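Take a look at the letters that make up each chain.
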Number of protein chains: 2
Amino acid sequence: MSKAQKFKALRGFRDFPPEDLGLREHLFTVWRRVARRYGFQEYDGPPLEELALYTEKSGDEIVGQLYNFQDKGGREVALRPEMTPSLARILSHRSRSLPKPIRWYSIPQLFRYERAQRGRLREHFQWNVDLMGEEGVEADAEVLAVALDALRELGLEAEDIRARVSDRRLLAALLRSAGVPEDRLVTAYTIVDKVEREGRDRILDRLEKEVGLDREAGEQILSLFDSPGLDGVRAAYGSDPEVQGALREVEAFMTVMEELGLGDFLEFDLTIVRGLAYYTGIVFEIFDRKGEFRAICGGGRYDALLERVGGDPLPAVGFGMGDVVVGEILKERKLAPEYAREVDVFIVSIGDELRPLARRLARSLRDRGRSVTTPLRSLSVRKQFQAASAEGAREVLVLGPEELARGAVVVRTMTDGTEREVPLRELAPELQVPDLAGA
Amino acid sequence: MSKAQKFKALRGFRDFPPEDLGLREHLFTVWRRVARRYGFQEYDGPPLEELALYTEKSGDEIVGQLYNFQDKGGREVALRPEMTPSLARILSHRSRSLPKPIRWYSIPQLFRYERAQRGRLREHFQWNVDLMGEEGVEADAEVLAVALDALRELGLEAEDIRARVSDRRLLAALLRSAGVPEDRLVTAYTIVDKVEREGRDRILDRLEKEVGLDREAGEQILSLFDSPGLDGVRAAYGSDPEVQGALREVEAFMTVMEELGLGDFLEFDLTIVRGLAYYTGIVFEIFDRKGEFRAICGGGRYDALLERVGGDPLPAVGFGMGDVVVGEILKERKLAPEYAREVDVFIVSIGDELRPLARRLARSLRDRGRSVTTPLRSLSVRKQFQAASAEGAREVLVLGPEELARGAVVVRTMTDGTEREVPLRELAPELQVPDLAGA
């Protein structure tokens with residue numbers, strides 16, 4: 001074997017040495033804290049699942065983006081690219097017996113095989129929050145509130161981020177009202193979803209050819225995408241009863257968000273289509289206001305999906321928030337925690353005969369919940385203090401024969417260099433002061 | 001697509017619905033807390049690595065036990081079966097610049113393809129704790145202390161568990177002293193490692209045939225395995241200088257463990273060989289004293305391994321503790337946390353016109369860190385109280401028109417059913433009491 005051979009992480013996969021894990025843990029801690037505040041419970045599933053669990057939901061085309069293979073027992077398996085199919089599977093055995101609404105969250109690591117691109121990752125962690133068994137917009141609002149409150153807790157306020165909200169039912173009503181036939185609705189979603197990327201003319205062409213919408217009707221639909229807000233929709237289509245009904249739902253959603261104190265974060269924006277066919281109501285995406293980053297979070301209502309992937313029929317609303325974009329924004333805004341190696345106490349022994357006492361004292365302090373290190377070999381006092389600094393000790397306890405003769409220990413606060421004497425029995429009542437004269 | 005099709009988790013893989021995740025989180029929380037108490041820092045690596053990272057350390061035979069495959073870019077990759085190769089890889093780029101000792105831990109999920117056996121898992125979570133850059137037995141003792149303190153923190157004391165400790169250098173010295181030639185030492189380790197499973201005669205036969213140890217010398221070695229403790233070793237081989245040196249190391253280790261307050265957990269036991277060829281010093285395994293479960297934890301010193309798998313040469317000592325056996329023991333001893341759905345506060349509204357206030361109050365309480373739920377649709381008061389019970393609310397706040405007319409809210413403690421009135425401004429000073437007369 002060649003000792004010189006050096007390995008690297010696979011391209012698109014991250015290592016998390018302590019200085020990088022700190023930010024990830026900060027995100028996970030805030031995500032968990034906020035989810036619990038809303039009464040959500042954590043679950044998890046396996047990172048490896050049957051391949052069919054994903055093709056059932058997304059069709060065979062998804063296989064090209066998966067880490068899939070045949071295991072040694074001949075099963076077709078895949079690393080999970082998303083969590084919802086596992087959620088449906090886990091719930092399918094138990095959701096009937098659970099009181100509704102079911103509030104669950106998870107922080108899975110997800111995997112997608114993407115053609116190598118600079119900086120493009122093939123794994124990320126995604127906070128998945130889902131509320132199941134409740135149909136109304138109050139549930140939708142609660143779920144978006146969880147996402148926004150987590151971002152607030154991370155330091156991002158309404159001047160930093162915005163949630164762009166639309167409603168699949170409203171878009172459907174508008175498209176129907178403009179003359180799109182029922183069997184072309186999904187095609188129309190995917191076309192208007194591209195309004196920001198493709199030219200206006202190309203969109204109008206496609207609406208004409210693929211959906212059968214004449215130029216004038218197409219123009220009218222597209223004009224709604226130009227100015228956010230509900231006023232344009234009301235003006236153009238407000239007399240259509242289906243549009244009226246859908247508008248009431250969106251307005252009710254907005255009112256609940258106001259009551260939850262989050263109105264400032266919201267913008268109604270029809271261009272938020274979220275191409276995926278399975279959304280059935282409110283849809284949303286959260287962005288930084290400057291538009292420097294990709295979407296922070298996306299979600300919405302998907303009432304038919306759980307049943308479709310083999311679960312019980314349950315109305316549901318949820319979102320996914322990845323660790324990568326949020327992490328980038330926090331770093332850019334100087335909101336990421338600074339990495340520092342830290343320990344509460346480092347114990348210095350003046351003379352090797354005091355090292356056993358140092359270990360006993362370390363044990364006592366650790367049993368009281370403090371983090372403590374001591375040198376693991378004989379070191380000069382100078383080197384012990386260097387080690388204390390390198391380990392980021394906040395306090396150094398110095399065990400010296402003179403002070404111990406008085407039953408005392410010197411406590412040095414490392415930030416300001418101040419020192420004071422403290423009785424050993426105060427630090428650790430169960431320890432005997434050693435008889436140094438007898439040593 | 002067939003709606004009736006139900007998926008299951010792959011055999012050997014676990015789902016973690018909230019009632020099962022609680023125990024896992026309890027383990028992780030204690031593991032992290034205790035590691036930090038000793039100044040260890042958390043790291044992580046990717047679950048998918050180059051296959052060669054594992055064959056480099058363990059030879060091609062390991063491939064039969066791996067989840068390995070070729071990815072879409074033609075790379076041979078594998079789900080990680082253990083953490084040490086990733087640790088060596090991550091450290092190889094940075095260990096020279098890190099102050100020593102390096103204290104790192106991780107809680108990776110690990111994967112092994114094992115032929116289907118009842119109850120045998122193909123994944124588990126393993127707490128990996130490693131201390132690098134320090135050669136002496138004080139480092140070995142500190143690492144074993146981390147493992148034992150975590151088990152103490154989980155409720156297992158010296159009457160429940162024991163750490164069986166041996167030393168690879170002592171065993172080598174004994175085998176050499178008995179006449180085992182240098183090039184047969186590793187073979188001899190693997191033979192005596194089986195002394196508890198294979199018959200005595202078979203072990204003696206193998207020592208004779210495979211290692212060249214005559215019957216008498218073989219008997220003398222095996223007699224050391226019959227009675228734990230160092231006395232037998234001293235009596236039979238104490239005059240051998242190499243054995244003397246190795247004995248002093250073991251005794252020093254035991255003394256440090258006493259000073260760390262953990263002497264009661266220890267047993268010297270030569271039969272703890274840990275077959276793996278890479279151990280170079282102290283080795284240990286932790287078991288429940290009744291012997292009902294498999295090993296809880298195993299580890300030891302492996303001074304040459306990091307270099308061998310492509311890292312910098314660094315002396316190292318570490319252990320792995322899996323979540324499965326510990327979880328089984330905690331359940332059997334009734335030490336596992338009881339699962340309960342819980343929320344601090346559930347807000348009941350008497351009359352739908354108070355539901356907006358309920359949401360505002362929920363927001364205020366959540367901003368103060370409390371977990372709060374409210375109904376997401378109009379419900380009768382009776383159903384609201386049922387929901388509060390189902391969600392495990394500790395307190396119910398009742399918003400009623402009469403009390404609010406006095407600026408007050410009823411707070412009901414669910415454990416004892418007691419009720420008291422509290423001014424709304426005390427719960428949430430920023431909220432306006434609504435003008436109910438005007439509604």
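Parameters and conventions
Residues numbered from 1 in each chain as written. Chains lettered and ligands numbered in written order. Predicted model: local features only at pLDDT ≥ 70, side-chain atom pairs only at ≥ 80, totals over all residues. Heavy atoms only, no water. Buried < 20%, exposed > 50% of the residue type's maximum accessible area, 1.4 Å probe, protein only. Helix = DSSP H or I, 4+ residues; strand = E, 2+ residues; numbered from the N terminus. Pairing = 2+ DSSP bridges. Contact = heavy atoms within 4.5 Å. Buried area = accessible area lost by both parts, 1.4 Å probe. Salt bridge = Lys/Arg side-chain N within 4 Å of Asp/Glu carboxyl O. Polar contact = N/O pair within 3.5 Å; in protein donor to acceptor, adjacent residues only side chain to side chain. Nonpolar A, V, L, I, M, F, W, Y, C, P; charged D, E, K, R; others polar.

## Brief notes about the pairing of strand 8 (residues 161-167) of chain A
Residue and element names in this part refer to chain A. Judged by how many residues are buried, strand 8 sits mostly within the fold: 6 of 7 residues are covered. In terms of strand pairing, strand 8 meets strand 10 (residues 282-288) through 7 bridges, oriented antiparallel. Each bridged residue has a counterpart across the sheet, and for Ser-166 the counterpart in strand 10 is Val-283. Pairing of strand 8 with strand 9 (residues 266-268) involves 3 bridges; the strand directions are parallel. Its bridge partner lying in strand 9, Val-165 is registered against Phe-268.

## Details of unusual backbone geometry
Residue and element names in this part refer to chain A. Of note, the amide linkage connecting Lys-100 to Pro-101 takes the cis form, showing an omega dihedral of -5°. Within the element layout of this structure, Pro-101 appears in the loop between helix 3 (84-92) and strand 5 (102-106). Its identity as a non-glycine residue notwithstanding, Lys-334 has a phi of 60°, on the positive side. Relative to the assigned elements, Lys-334 resides in the loop between helix 12 (323-332) and strand 13 (343-349). Given a relative accessible area of 73%, Lys-334 falls into the exposed group.

## A closer look at the interface of chain A and chain B
On the chain B side, the residues contacting the 103 residues of chain A number 103 residues. Taking both sides of the interface into account, the surface hidden between chain A and chain B amounts to around 9200 Å²; carbon and sulfur atoms contribute 51%. On the chain A side of the contact with chain B, A:Phe7, A:Lys72 and A:Leu376 bury the most area, a combined 10% of that side's loss. Counting the contacts that link chain A with chain B gives 18 salt bridges. Between A:Asp367 and B:Arg152 there is a salt bridge, with the nearest N and O atoms lying 3.2 Å from each other. Linking chain A to chain B there are 40 residue pairs in polar contact (both at pLDDT 80 or more). Take the side of chain A that touches chain B: its biggest share by element is 8 residues, from helix 1 (residues 18-37) of chain A. Grouping the amino acids of the side of chain A that touches chain B by side-chain chemistry returns 41 nonpolar, 19 polar and 43 charged.

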